[in-house]
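A look at the structure
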Protein chains: 2
Amino acid sequence: MRKIVIDCAGGDNSPNAPIEGALSALEKFPDLYVILCGKEEEISSILSEKAYDGGRVEILNASDVITCHDKPTDAVRLKKDSSMMRSLKLLREDDGIFGMVSTGSTGALVCGATLRIGRIKGVIRPAFCPILPTMDGGIVGICDTGANIDITPEHLRQFAVMGSLYLRCAFGVESPNVGLLNIGTEAEKGDALRKEAYPLLSETEEIRFGGNMEARELLEGKFDLVCCDGFSGNVLIKATEGACLEMLKKLKKDIFSSWKNKLGAFIMRKMFAETKEFMNYQNYGGSVLLGTSKVIVKGHGSSDARAVCACISQAYRMESASYVECVEDALLKIEQRNREKENV
Amino acid sequence: MRKIVIDCAGGDNSPNAPIEGALSALEKFPDLYVILCGKEEEISSILSEKAYDGGRVEILNASDVITCHDKPTDAVRLKKDSSMMRSLKLLREDDGIFGMVSTGSTGALVCGATLRIGRIKGVIRPAFCPILPTMDGGIVGICDTGANIDITPEHLRQFAVMGSLYLRCAFGVESPNVGLLNIGTEAEKGDALRKEAYPLLSETEEIRFGGNMEARELLEGKFDLVCCDGFSGNVLIKATEGACLEMLKKLKKDIFSSWKNKLGAFIMRKMFAETKEFMNYQNYGGSVLLGTSKVIVKGHGSSDARAVCACISQAYRMESASYVECVEDALLKIEQRNREKENV
């Protein structure tokens with residue numbers, strides 16, 4: 001059995017979405033076992049109305065909830081009986097559990113995971129890696145998008161390695177093309193961090209480095225993974241999401257401004273519905289915190305059951321592909337090469 | 001007469017677009033005088049076919065061209081007879097000329113302007129400030145987007161001051177709402193640079209500081225000016241442009257994929273044309289290099305005559321509103337207050 005713990009509180013649609021998402025995941029993966037963490041009575045009551053394999057579901061009671069208004073460090077320290085902190089505690093203590101999914105506070109999850117769950121051997125710092133759809137029907141990962149702000153070239157190299165292995169393990173992208181986010185495509189562009197990271201990424205055998213990339217190339221599908229510091233990665237993903245959403249809002253407003261447009265849009269309704277669906281992040285799973293010794297997936301706060309199921313599937317595929325071991329191996333090889341170089 | 005020099009080479013549509021744009025600007029502003037810099041024969045030949053006020057047009061011969069393939073520092077040093085370097089030389093030497101417009105290489109222009117044209121008194125470093133349309137029909141400026149990468153909180157304050165005055169002088173935005181680009185909206189968010197810049201911006205009387213902003217808010221119209229380092233500003237504007245363009249491309253592709261969609265789009269053709277026009281940067285003028293002692297506007301490489309005319313209009317409005325003097329005054333006041341604080 002592959003055991004995962006699901007934080008059933010803190011999201012907009014909690015506890016229903018996490019519970020229903022978990023039950024869907026059980027149907028997909030016959031050797032999956034879920035531990036639902038939250039208010040026991042509530043969870044029991046929802047479960048009592050569902051049909052599921054009772055031998056693969058367990059409830060872990062947690063009476064408190066971390067909300068987005070809680071300061072992350074305080075939440076981690078003070079809300080020990082929250083579903084998130086209880087889940088993390090169980091994850092740390094039970095070697096039989098491989099991972100966790102939460103739709104609660106991102107800040108508290110990063111903070112809690114960093115403090116309570118160890119890192120994979122060799123990892124300097126864990127990093128966030130959300131996934132976006134590209135216009136050619138593929139996906140692109142961005143690592144990091146906010147967990148790390150002041151970093152070194154070696155951090156960037158680790159983001160590239162962890163992100164590449166993630167895309168391979170979770171999405172079957174065999175040899176992800178890695179781009180270094182920069183202000184121009186030429187090798188000598190950028191600040192000191194980027195200038196030093198470029199040769200470091202070039203010499204790393206564990207990744208396929210495609211050179212510098214500009215932010216405008218994100219959705220084109222040329223790169224599978226964007227390697228960046230948490231500040232610019234955060235700007236990249238939020239600017240992209242913001243622009244797409246504002247464009248859709250504007251189209252909608254324009255459509256409703258005249259009967260002609262309404263008619264046209266009615267004829268094109270299937271296309272517009274598909275566009276909206278294409279842009280629905282719920283279809284692409286959550287952001288994974290890469291580099292922790294257990295798999296931790298953060299679903300969007302507004303995740304529905306399908307989105308939670310996608311997050312669990314992601315975690316499951318990473319575990320099946322031995323993600324943690326792959327990262328450890330790759331970083332060990334890099335370290336060995338570094339040591340050999342020093343000895344020469 | 002208000003004299004401006006126009007670099008007539010280096011853009012995709014040079015020399016036609018710069019020349020025609022300049023002639024349009026002459027019609028708009030009766031006291032404008034243009035110096036067209038480029039290959040004299042070529043310019044004369046184009047002018048000979050046009051009707052214009054010959055008393056307000058002059059040609060400055062320059063036989064060479066800086067292309068986007070030239071390394072900026074080499075171009076500035078070696079291509080002394082290029083239209084861009086000749087224009088900058090004239091701008092520096094002739095006190096009667098207030099500014100310059102170019103659609104050539106951005107890197108060479110920033111490099112050349114920094115080396116050849118002095119800064120406004122008090123300015124630490126010039127910064128780039130492009131303008132984007134917002135979804136509510138307004139505009140938003142982003143300062144800086146690439147001229148400065150490793151900066152201090154004091155730089156950010158100057159970007160905010162120079163950008164605010166620019167929006168007032170060139171676009172009539174009376175009291176621009178300034179946002180500090182960050183990874184969250186709370187005051188304590190971000191890296192050391194942002195944490196230090198926040199109180200500095202808050203206490204600056206010369207601007208209206210609206211707090212931290214996230215990249216996703218860019219097009220909403222809440223902020224008039226985004227204050228940021230050149231790296232994240234570059235990511236912000238390119239990610240936004242890229243996402244909008246990719247969305248439009250996808251819509252177009254989807255429309256042509258079925259006759260139903262084609263019919264719908266035909267009925268909605270006016271709306272789609274307006275959306276395309278709304279997103280056409282050519283309508284919003286160029287990016288101004290703020291902080292140099294003369295007004296320098298960089299038009300997009302693919303600018304047509306209308307876009308060049310918009311760039312000239314921007315420069316003209318800045319000159320009419322005494323932009324350079326306004327910046328000098330504001331920075332002097334800040335410096336005086338700083339000195340008083342130190343003496344207390």
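Residues numbered from 1 in each chain as written. Chains lettered and ligands numbered in written order. Predicted model: local features only at pLDDT ≥ 70, side-chain atom pairs only at ≥ 80, totals over all residues. Heavy atoms only, no water.

1. Let's talk about the packing of aromatic side chains
Residues and elements named next belong to chain A.
- Summed over the entire model, instances satisfying the criterion amount to six aromatic pairs over all chains.
- With a centroid separation of 3.9 Å and 20 degrees between ring planes, the pair formed by Phe-29 and Tyr-316 is classed as stacked. Of the two residues, Phe-29 sits in the loop between α1 (16-28) and β2 (32-38) while Tyr-316 sits in helix α11 (residues 305-320), which places them 287 residues apart along the sequence. Neither Phe-29 nor Tyr-316 differs from the other in exposure class; each is buried. (Phe/Tyr/Trp six-rings, centres within 6.5 Å; stacked < 30°, edge-to-face > 60°. Helix = DSSP H or I, 4+ residues; strand = E, 2+ residues; numbered from the N terminus. Buried < 20%, exposed > 50% of the residue type's maximum accessible area, 1.4 Å probe, protein only.)

2. Description of the relation of the copies chain B and chain A
- Take chain B, turn it by 180 degrees, move it 0.0 Å along the axis, and it overlays chain A with an RMSD of 0.1 Å. Here the transformation between the copies is reduced to the relation of a two-fold axis. Of the C-alpha atoms belonging to chain B, the one lying closest to the rotation axis is found on Gly-264 of chain B, 2.0 Å away. (Least-squares fit on C-alpha atoms with pLDDT ≥ 70 in both.)

3. Some words on unusual backbone geometry
- Cis geometry is adopted by the peptide bond preceding Asp-144 of chain A, which originates at Cys-143 of chain A and carries an omega value of 15 degrees.
- With respect to the helices, strands and loops of the structure, Asp-144 of chain A is situated in the loop between β7 (139-143) and α6 (153-171).
- A cis geometry characterises the amide bond from Ser-14 of chain B onward to Pro-15 of chain B, with omega recorded as 0 degrees.
- Within the chain, Ser-322 of chain A stands out as a residue other than glycine whose phi angle is a positive 55 degrees.
- Considering the arrangement of structural elements, one finds Ser-322 of chain A in the loop between α11 and α12 (323-343).
- Looking at Ser-322 of chain A, the relative accessible area reads 31%, which means it is partly exposed.

4. A closer look at the interface of chain B and chain A
- Of the residues lining the interface, 47 residues belong to chain B; the matching set on chain A comes to 49 residues.
- Summed over both sides, the interface of chain B with chain A buries roughly 4,300 Å², with 75% coming from carbon and sulfur.
- Connecting chain B to chain A are four salt bridges.
- With a shortest N-O distance of 2.2 Å, Glu-214 of chain A and Lys-238 of chain B are connected by a salt bridge.
- Scanning the region where chain B abuts chain A turns up six residue pairs in polar contact (both at pLDDT 80 or more).
- At the level of elements, α8 (230-255), α9 (259-267) and α10 (269-278) of chain B are the ones that each hand at least two residues to the side of chain B that touches chain A. (Contact = heavy atoms within 4.5 Å. Buried area = accessible area lost by both parts, 1.4 Å probe. Salt bridge = Lys/Arg side-chain N within 4 Å of Asp/Glu carboxyl O. Polar contact = N/O pair within 3.5 Å; in protein donor to acceptor, adjacent residues only side chain to side chain.)

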